[in-house]
Amino acid sequence: MSGDRPSPLVIERILRDRQGIWQQIVADDDLNALTGRMLASSAVALACYGAVLGAFHGVLMALTSAVKLPLLFLITLAICLPTLYLFNLVFGARLSVRQSVALVMVAITVTSMLAVAFAPISLFFLITAPDYGFFKLLNVAILTLSALVGLRFLTGGMQVLNAHGLLAPSTAAAATQAAVAAPAAQAAVPAQPAAGEPVAEPVAVAAGANGATGANGTTTPAAEAQPVSVVPAQPAAGVPGQPVVLAGHPVAAFPPGMVPPGYAGAGRPWVTPPVRRGESEQRPASMTLLYVWILLFGFVGTQLAWTLRPFVGSPGEDFALFRSIEGNFYAEILRTLGNLF
């Protein structure tokens, strides 16, 4: 399905081509149109599910719940989005406002579409088992499950943005440079000998007037008579080490992989301290704050739902657009569980 074709079934593209959605958000390509389609789809889906909720009490409650449920999600987004955006800016992310809105709207779209997919099940229990306490808990469970799946999409999108360097580019670049420079820095530091270990002696080289004369009587031209030393390179896994010739030290015969003569610790294996794995893939602070923001989003959403109630409507009470603000959402759920069981 084309990303440019307007369609209320944008959820189909999100589910089938989620990588294409993430790449579009990363490229900041036509996000206004994408966000508009997700907003329209979410509003319609949540309105349909809200109508099922309010149908427990009657037609009038169904109409008001169809309006209040989309408002619940959009007002929660409006309250919490500035916090997510500023958190990302503080910790070095390069997300624009449109990218942040599009990411959260992906989560809300998935949540709303999953909720409306559960609407026939909710309607079935409304017809066959019209118990207020059970119906209320059933729909709380449906919305909670849908929200968890939607937020899973949000974390997946943030991980894709992190892989493209939009969350903590400076940290990733610094870690990569440190990982590249670490082997060179470690090779420059000579190993220290253990107590009592023998130190190999260098082979003597006599310098003549016209060059250097070795023990076998051969003469090397003066230009080639500079003392050198061999330092073993760091081999890859399963590949034999190849020596590297450095100027300034006498030539000596020693087994490959050993510290060259003339260095402290000669005769010992050249041991490279291990580099910590995953330094370039450390989770940025903005990813950690995302989980904090998800908890904040959940608390704000549940408290706002309690403020905008009723959505279902108690069977023994008359219709009311809003109830008085008393208690809280979690105490009401615990009370309903106690009455049910």
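Quick caveat: nothing in here was measured; it's all calculated off a predicted structure.

Visitor: Mind showing me how you'd approach the overall build of the protein here?
Guide: Within the protein one finds 10 helices and five strands. Taken over 341 residues, the protein has a buried fraction of 38%. Put simply, 67% of the contacts in the protein that link residues at least 6 apart link residues at least 24 apart. When the accessible surface of the protein is totalled, it reaches about 18600 Å², and 67% of it is carbon and sulfur.

Visitor: Is there a simple way to explain a nonpolar patch on the surface in this structure?
Guide: A contiguous nonpolar patch, built from Val59, Leu60, Leu63, Phe319, Leu321 and Phe322 and spanning about 600 Å² of accessible area, is present on the exposed surface. Structurally, Leu321 is set in the loop between α9 (285-308) and α10 (329-340). Owing to a relative accessible area of 44%, Leu321 belongs among the partly exposed residues under this scheme.

Visitor: How should I be thinking about the side chain of Arg309 in this particular structure?
Guide: Inspection of the secondary structure puts Arg309 in the loop between α9 and α10. Here the side chain of Arg309 touches Trp306 through a polar contact of 2.9 Å, landing on its backbone oxygen. Those residues in contact with Arg309 that lie beyond four places of it in its chain are Lys68, Leu321, Phe322, Arg323, Ser324, Ile325 and Glu326.

Visitor: Quick question: what am I supposed to make of unusual backbone geometry here?
Guide: Omega for the peptide link from Arg309 to Pro310 comes to 10 degrees, which places this bond in the cis form. Although it is not a glycine, Asp28 sits at a positive phi angle of roughly 55 degrees. Tracing the chain through its elements places Asp28 in the loop between α2 (18-27) and α3 (31-54). Although it is not a glycine, Asp30 sits at a positive phi angle of roughly 55 degrees. Mapped onto the secondary structure, Asp30 falls in the loop between α2 and α3.

Visitor: Explain helix α7 (residues 132-163) to me, please; I cannot follow it from the model alone.
Guide: Three- or four-residue spacings in an α-helix give side chains the same orientation, since the helix completes a turn every 3.6 residues. In this model, α7 (32 residues) spans 47 Å end to end at C-alpha, consistent with the 46 Å of a helix rising 1.5 Å per residue. Residue Gly165 follows α7 closely and has a positive phi angle near 80 degrees.

Visitor: How do you make sense of the packing of aromatic side chains when you look at a structure like this?
Guide: Both the distance between ring centres and the angle between the ring planes are used here to describe each pair of aromatic rings. Counted according to the given criterion, the structure contains seven aromatic pairs. Centroid distance Phe299 to Tyr330: 6.1 Å. Interplanar angle 65 degrees. Geometry classified as edge-to-face. Of the two residues, Phe299 is situated in helix α9 and Tyr330 in helix α10; the sequence distance between them amounts to 31 residues. One aromatic cluster is present, built from ring pairs that chain together Phe56, Tyr132 and Phe135. Over the ring of Phe311 we find Lys68, and its NZ or CZ is 5.3 Å from the ring centre. Looking at Arg309, its charged tip hangs above the ring of Trp306, at a distance of 3.9 Å from the centre.

Visitor: So what exactly am I meant to see when it comes to the layout of surface pockets here?
Guide: Gaps between atoms show up when a probe of the same size as a water molecule is rolled over them. Taken as a whole, the largest pocket encloses approximately 1300 Å³ of empty space. As for the largest pocket, its lining consists of 46 residues, and the residues nearest its centre are Val140, Gly301, Thr302, Ala305 and Phe329. Looking at the lining of the largest pocket, the elements that each hand over two or more residues are α4 (59-90), α5 (97-117), α7, α9 and α10. With 13 residues, the single largest contributor to the lining of the largest pocket is α7. By residue class, the composition of the lining of the largest pocket is 26 nonpolar, 12 polar and eight charged.

Visitor: Before we go on, may I ask you to explain the packing of α3 against α4 in this structure?
Guide: How two helices sit against one another is set out by the angle between their axes and by the gap between those axes. Interaxial distance between α3 and α4 falls to 7 Å at its minimum, and their mutual angle equals 140 degrees. Overall, the two elements α3 and α4 adopt an arrangement that is oblique. In this structure, α3 crosses over α4, and the sense of that crossing is right-handed. Two secondary-structure elements touch here, α3 through Leu39, Ala43, Leu46, Ala47, Tyr49, Gly50, Ala51, Leu53 and Gly54 and α4 through Met61, Ala62, Ser65, Ala66, Leu69, Pro70, Phe73 and Leu74. By residue class, the composition of the contact of α3 with α4 is 14 nonpolar, three polar and no charged.

Visitor: Hey, could you run me through the side chain of Thr336 in this one?
Guide: On the secondary structure map, Thr336 appears in helix α10. Excluding anything up to four places from it in sequence, Thr336 contacts Gly133, Lys136 and Leu137.

Visitor: When you look at the pattern of salt bridges in this model, what are you seeing that I'm missing?
Guide: Opposite charge on two side chains makes pairing possible when the charged atoms of those side chains draw close. Using the criterion set out here, one finds four salt bridges in the structure. Close ionic contact of Glu12 with Arg16 constitutes a salt bridge, the shortest N to O distance being 3.2 Å. Of the two residues, Glu12 and Arg16 are both situated in helix α1 (residues 10-16); the distance of four residues between them amounts to about one turn of the helix. Assessed through its relative accessible area of 70%, Arg16 is described here as exposed. With a shortest N-O distance of 3.0 Å, Arg323 and Glu317 are connected by a salt bridge. A residue is classified by how much of its surface remains accessible, and Arg323, at 18% relative accessible area, is buried.

Conventions and cut-offs
- Residues numbered from 1 in each chain as written.
- Predicted model: local features only at pLDDT ≥ 70, side-chain atom pairs only at ≥ 80, totals over all residues.
- Heavy atoms only, no water.
- Helix = DSSP H or I, 4+ residues; strand = E, 2+ residues; numbered from the N terminus.
- Buried < 20%, exposed > 50% of the residue type's maximum accessible area, 1.4 Å probe, protein only.
- Contact = heavy atoms within 4.5 Å.
- Areas by Shrake-Rupley, 256 points an atom, 1.4 Å probe, with all protein chains shown as cover.
- Patch = residues over 30% accessible without salt bridge, like charges linked within 9 Å, V, L, I, M, F, W, Y side chains within 5 Å.
- Salt bridge = Lys/Arg side-chain N within 4 Å of Asp/Glu carboxyl O.
- Polar contact = N/O pair within 3.5 Å; in protein donor to acceptor, adjacent residues only side chain to side chain.
- Expected span 1.5 Å × (residues − 1).
- Phe/Tyr/Trp six-rings, centres within 6.5 Å; stacked < 30°, edge-to-face > 60°.
- Lys NZ or Arg CZ within 6 Å of the ring centre and 35° of its normal.
- 1 Å grid on protein atoms, 1.4 Å probe; cavity = no way out; pocket = protein on both sides within 12 Å on 5 of 7 lines; lining within 4 Å.
- Points joined across faces, edges and corners; volume = space filled by probe spheres on them.
- Nonpolar A, V, L, I, M, F, W, Y, C, P; charged D, E, K, R; others polar.
- Axes fitted to C-alpha atoms, helices over the stretch in contact; angles between N-to-C directions.
- Parallel < 35°, antiparallel > 145°, perpendicular 65-115°, else oblique.
- Left-handed = near helix turned anticlockwise from the far one by under 90°.

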